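# Inside the fold
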Amino acid sequence: MRKNNKSFADVLQLSQKILKEYDLCDVCLGRLFAKNLGLVSNKKLGEKIHRILKIKSAKCYVCKNIFDGVNSQVAKMLDVSSDYDFATFLVGTKLKPSILDRDDHMRSRFRLRGIDGIKTNITRELAKQFSHKTKKKVESSEPDLTFMINFKEDSCTLQTKPVFLWGRYTKSERNIPQKQKPCSTCLGKGCVDCSHHGISEFDSVEGLISKYLFEKFEALQAKITWIGGEDSTSLVLGSGRPFFVKLLNPKKRHPRLPKKIKLGEITINNLKPISKTPSGPVPFTSKVKLYITCENKIEQNILSKLDQLEKNTIAVYEKSGRRTEKLIRNIQYKSISDDSFYLSMIAGGGLPLKRFVSGDDTFPNISDILENKCKCETFDFEAVKITH
Ligand SMILES: [Zn+2]
Ligand SMILES: [Zn+2]
């Protein structure tokens, strides 16, 4: 690396030349030479040069005295972040293009290479002061808080790193849908009507979980990844269905989470923070109990024909032409009446159970095997297991 080491005498000489044409603040003047002299404080160096040359600066040509406003910007940062839990932060800035232009102009006019730009300088200064006041650490990769200080619009905004969670829920009553309809005004984006949650009602599994998390983490939105779907009439029993949550804009990051969280007819078990939600599909199996009714009387012993499904794969065809296969690991059945029975099975996650019973584009299927038009009235989950 080439370093054009200037002596302090050279610096003073060049400074004199520059300051004859341009009024510069301590920071902008110091920045032109500090790196070269191996000094850390642009401001102290600028002060020293100004003092020795007996030149006072009024209004900085480059920054229009932007550095005088650092304290008030830091006060704003403290104000907007006062409700947030965080250990690390990062500062971003937007400056008026005219400031950047004048900074470039100075550097090329006096052929000053390898020095920090004004944007780096102001950003670092804000971060330093804020860190000093809060004792929090600057971190560039995935900080808890990211400030954006926009000098063009005189605004200070804040973004927080999402919180990721995983847990399981059980559902002990029928007629609670799994998913919540999005807010009808914004269709889920978030608006004033739904307090920026994207949903405005909380009468589903998703709604109940989200509402709890909004309050607990003071978060704005919850993006839930379900390990499998269910009907509103399904029960979810056993240890429950796993789910992952990405919680957006949380103010609290580490609230205490009880092992069991009862929310009306649903219960969340073992909700825990994790570092990231899975990016691809998560393979799983479901142990389900189906209540099946048939159009015609079920002939004696015909249910035993269902044994052939065990360890068999079911081909599922979608309208799009896509074909998937789901393995049935285990199957059991129990007659209830002349035209109804229970079917219990462990099957690959995502098998469309109602279609598997009625015979709609799934092969083999229950209706074909029993030669009887069958209908899945309800299906309840007894266990959902992630299988990787
Ligand atoms: Zn300046
Ligand atoms: Zn809305």
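Computed from a prediction, not measured in an experiment: that's the story for all the values here.

### Some remarks on the overall build of the protein
Check the secondary structure of the protein and you find 10 helices and 15 strands. The C-alpha atoms of the protein give a radius of gyration of 33 Å, which is well past the 21 Å a tight globule of 388 residues would have. Taken along its principal axes, the extent of the C-alpha atoms in the protein is 110 × 40 × 35 Å. For the protein, long-range pairs separated by at least 24 residues make up 69% of all intrachain contacts whose partners lie at least 6 apart in sequence.

### Examining the domain arrangement of the protein
Under the domain assignment, the protein is made up of domain 1 (8-160), domain 2 (163-274) and domain 3 (284-386). Domain 2 and domain 3 are separated by 29 Å when their C-alpha centres are compared. Domain 2 puts 13 residues into the contact, and the matching count from domain 3 is 12 residues. Looking at the side of domain 2 that touches domain 3 residue by residue, the class counts come to five nonpolar, five polar and three charged.

### Here we look at the sheet that holds strand E1 (residues 88-94)
Taken in spatial order, the four strands line up as E2-E1-E3-E4 in an open sheet, and their pairing is mixed. Single-partner strands in this sheet number two, and they are strand E2 (137-138) and strand E4 (155-160). Here six bridges tie E1 to strand E3 (residues 145-150), and the two strands are oriented parallel to one another. In the sheet register, Leu 90 faces E3, and the bridge partner there is Thr 146.

What counts and how
Residues numbered from 1 in each chain as written. Chains lettered and ligands numbered in written order. Predicted model: local features only at pLDDT ≥ 70, side-chain atom pairs only at ≥ 80, totals over all residues. Helix = DSSP H or I, 4+ residues; strand = E, 2+ residues; numbered from the N terminus. Rg over C-alpha atoms; globule rule 2.2 N^0.38 Å. Contact = placed C-beta atoms within 7 Å. Domains from an automatic or database assignment. Nonpolar A, V, L, I, M, F, W, Y, C, P; charged D, E, K, R; others polar. Pairing = 2+ DSSP bridges.

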